[in-house]
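# Structural features, examined
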Amino acid sequence: MDITNIIDPLNDAQRAAVTAPNRAVLVLAGAGSGKTRVLVHRIAWQIRVEGVSAHSILAVTFTNKAAREMRNRIEDLLDLSTQTMWIGTFHGLAHRLLRRHAKQAKLPDTFQVMDSSDQLRVIKRLVAALGLDETKWPPKQIQWFINAQKDEGKRARHQIDSGDLFQRQMLAVYKAYEELCDRSGLVDFAELLLRAHELLRDNRDLLAFYQQRFLQIHVDEFQDTNTIQYAWLRLLTEGKDNLFLVGDDDQSIYGWRGARVENIFNFQKHYPNHQVIKLEQNYRSTGNILNAANKVISKNEARMGKELWTDAGKGDLISLYAAFNELDEAYFVVDRIKAWVNEGGLRKDAAILYRSNAQSRQFEEKLMATATPYRVYGGLRFFERAEIKNALAYLRLMSNRDDDASFERVINTPTRGLGAKAIEDIRLIAKDQGISLWAAAIALLNQKAMSPRAKNALVGFLELIDRLEGLAAELELYEKVQLVNEQSGLIYLYKNEKGDRGEEKLENLEELVNAARLFDAEQDNEESLSELDLFLSHAALEAGDMQGDEFEDCVQLMTLHSAKGLEFKLVFLVGMEEGLFPSQQSSDDIARLEEERRLCYVGMTRAMQQLYLTYAESRRIYGKENYSRPSRFLREIPAELIQEVRMRAHVSRPLAAEKPTHSIKQERRFNLGQRVGHAKFGEGVVLQLEGEGAQERAQINFKQAGVKWLMLSYAHLDAL
DNA sequence: GATTGCGATCTTTTT
DNA sequence: GATCGCAATC
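Basis of the calculations
- Residues numbered from 1 in each chain as written.
- Chains lettered and ligands numbered in written order.
- Predicted model: local features only at pLDDT ≥ 70, side-chain atom pairs only at ≥ 80, totals over all residues.
- Heavy atoms only, no water.
- Helix = DSSP H or I, 4+ residues; strand = E, 2+ residues; numbered from the N terminus.
- Contact = heavy atoms within 4.5 Å.
- Areas by Shrake-Rupley, 256 points an atom, 1.4 Å probe, with all protein chains shown as cover.
- Near = heavy atom within 4 Å.
- Polar contact = N/O pair within 3.5 Å; in protein donor to acceptor, adjacent residues only side chain to side chain.
- Nonpolar A, V, L, I, M, F, W, Y, C, P; charged D, E, K, R; others polar.
- Buried < 20%, exposed > 50% of the residue type's maximum accessible area, 1.4 Å probe, protein only.
- Pairing = 2+ DSSP bridges.
- Expected span 1.5 Å × (residues − 1).
- Arc of directions from axis to C-beta.
- UniProt positions renumbered as here; feature names shortened; annotations may be inferred.

## Here's the deal with the overall build of chain A
Along its length, chain A carries 29 helices and 22 strands. Expressed as a percentage of contacts within chain A between residues at least 6 apart in sequence, the contacts between residues at least 24 apart total 74%. Accessible surface, chain A as shown: approximately 33000 Å² in total, 50% of it carbon and sulfur.

## Let's talk about the protein's contact with DNA strand B
Around DNA strand B there are 28 residues in total, and Asn 64, Arg 355, Lys 498, Thr 559 and Arg 592 lie nearest to it. Sugar and phosphate atoms form 53% of the subset of DNA strand B atoms that lie within 4 Å of the protein. One of the backbone nitrogen or oxygen atoms of Asn 357 is found 2.9 Å away from a phosphate oxygen of DNA strand B. In this structure, a phosphate oxygen belonging to DNA strand B sits 2.4 Å away from a side-chain N or O atom of Thr 559. For the surface near DNA strand B, a count of residues per class yields six nonpolar, 16 polar and six charged.

## Quick look at the pairing of strand β9 (residues 318-323)
Of all six residues making up β9, six are buried, and the element is well covered by its neighbours. With burial as the criterion, each face of β9 is covered, one bearing Ile 318, Leu 320 and Ala 322 and the other bearing Ser 319, Tyr 321 and Ala 323. Here four bridges tie β9 to strand β17 (residues 642-645), and the two strands are oriented parallel to one another. Among the inter-strand pairings, Ile 318 is bridged to a residue of β17, identified as Ile 642. Taken together, the five bridges between β9 and strand β14 (residues 607-616) define a ladder with parallel strand orientation.

## Structural notes on helix α20 (residues 452-472)
Its 21 residues place the ends of α20 30 Å apart at the C-alpha level, agreeing with the 30 Å of an ideal helix rising 1.5 Å per residue. Along α20, the residues classified as buried are Ala 454, Ala 457, Leu 458, Phe 461, Leu 462, Leu 464, Ile 465, Leu 468 and Ala 472. End-on, the buried residues of α20 take up no more than an arc of 135 degrees, which puts them together on one face. Set apart from the buried face of α20 by more than 90 degrees, the exposed residues are Pro 452, Asn 456 and Gly 470. Each element contacted by the buried residues of α20 is listed here: α16 (386-399), α17 (404-410), α18 (420-433), α19 (437-447) and α21 (477-487).

## Considerations on the environment of Ile 43
Position of Ile 43 relative to the elements: it lies in helix α3 (residues 35-48). In sequence terms Ile 43 and Ile 217 are 174 residues apart; their C-alpha atoms lie 9.5 Å from each other. Residue contacts for Ile 43: discarding those within four places in its chain leaves Ile 57, Ala 59, Met 70, Ile 74, Met 85 and His 218.

## Thoughts on the UniProt feature "domain: UvrD-like helicase ATP-binding" (unreviewed entry) in chain A
Mapped onto the present numbering, the UniProt feature "domain: UvrD-like helicase ATP-binding" (unreviewed entry) falls at residues 8-286. Annotated as 49% helix and 11% strand, the span residues 8-286 places its first and last C-alpha atoms 24 Å apart.

## Focus: the pairing of strand β12 (residues 555-559)
Most of β12 sits inside the fold, with five of its five residues counted as buried. Side chains of β12 alternate between two faces, with Val 555, Leu 557 and Thr 559 and Gln 556 and Met 558 buried alike. The pairing of strand β10 (residues 350-354) with β12 spans four bridges and is parallel. Its bridge partner being in β12, Leu 353 is matched across the sheet by Met 558. Relative to β12, strand β11 (residues 374-376) runs parallel, the two being bridged by three bridges. Bridged to Arg 375 within β12 is Gln 556.

In structure tokens:
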């Protein structure tokens, strides 16, 4: 058998991991050391050499993207379909288990997955129903509490009453929340994991079945697992040693959302027969970048200890730029990107990494002003958009009338005359009788004299859902979506929305039909579930990766967190100031500070060739001028690895840099009240002017298109 | 039922 | 500073 393609591309440490004897293995894989490769080749090794059936492979990742990549790479390497392997996210696999064994998991067949914004809405409503003051009991905090409990495997009933008023109240909401979810057939993300764990724990026969099926279990990014995820892995590997874990304690940056690096240590206790293999050769960055990153991370106390090295040479020094303020910082970065591009670099090889999303704006403005294409990661994704969630809510109701979250969402969207009063009445009945809102609405119609108007509206709504279900029965999935879009009145609603937001929403609804058309139920459908239910779960579990412009040559802007796992030739780590990075909230707690430091380490190790660090002496934060000291992380980098940059012609004083030499008034091409023409929007009148030079913007009241702000450097306006 | 205005809030994010 | 959610208003 030819296994050269599995073994040959590996270095010694990688090969040791891939070919390790069949027992528990922990691979500590430094940044850029080829951890995905090891995982993929390990699976290939097991199949080709150990004779493990593909059917017996389980591989868990944290993101859908990582799962997809793993599938693709295994298929490429082995020329073998991964169809029969269980490869997915913890949540995706848990979902699959629950679908297969809904009964035993005590869930209705049509249960649906709530995303976090659904969850927050439900909690908000609950807080109101319980008569709690939202300012005293912030729903966000309650949501956080509930999820934290679930991540630790705790139900409301497991808690002992400590007499603490705060805790008692939190538990009361938790309990009410559990009841509502059970009644509605709704499952949040944390619940997927918790329930999947309980399912296996409480059904020994089922557990035995899966223990026998999954002969090899692989986990990516193990340092990010939380308590319940690890417990789930332990159940599946009970009495066996068939775990292959890959992770990096130095890249644990999700402690704040429940990830437990300690799982790495616990693993070593729980699987005494294990083997640890370190991957320390880095194939990504230059020697200087690695040395600097090593030095920074070495300041952390809590770590296993690892030192990256490369045989690729030292490369350039790390550049440090002290900006006058945040505008100057942006100016500098964009200037450097321009130079990079002029020298033949690609924009998409350049990334601007920041600690918090709010920092992206200056960079966006400067990039826009220089007409440099860019792409910002983060923000709303496709399936999270309001119009999409509305359409999905109709579909969910069609599948499951008891889905209260969806019921509430669309009972009056589009408005059909069912206001706060009617909804309040329905809620009251639901609460009294412990039934779903749908059932309560029917009860309300039967028992109480309502105003004829409200009654009509309510009957209309209930009948609409029933009718939609009937009409959809024989249709293809995408036709069902189309049907809902039209008959629900959503299309009509957005068509009449003023401004250009409505048009975008219509396009998104259209895109949803398209997504349904392309949806491939095959891959998930070992279970004989309705295609609609699968599509709806898919929408919740995979909120949709970013927009389609992925292949365009754009400068990449993202937070340090979202940069994990990526690499760029040219990296700017911006906003290196005390209070920002490390963030203020982390600076008084050593554990959190160390997590910030790991974040810094992650950021630095994204860079392949050139790394720029910048900070601003003054920065506007929340509208107020702040003067901060440079980040302590900068001092942790040996001085000999850093070169300080001064801008040449450009003086860092913003007044000199920003203002053109000529007066603003003379430059104005348009005046207030002037009539102008636009190729797309037609004729309009200038209402306001602001900014200057490339940034000049005008607010224009168009006869047809309404009031808009336009960048004059982009919009070609004609004076009329 | 839509529009306006006011105050509170303001890491990080995937599922 | 900007957004968002909620309440008062037309």
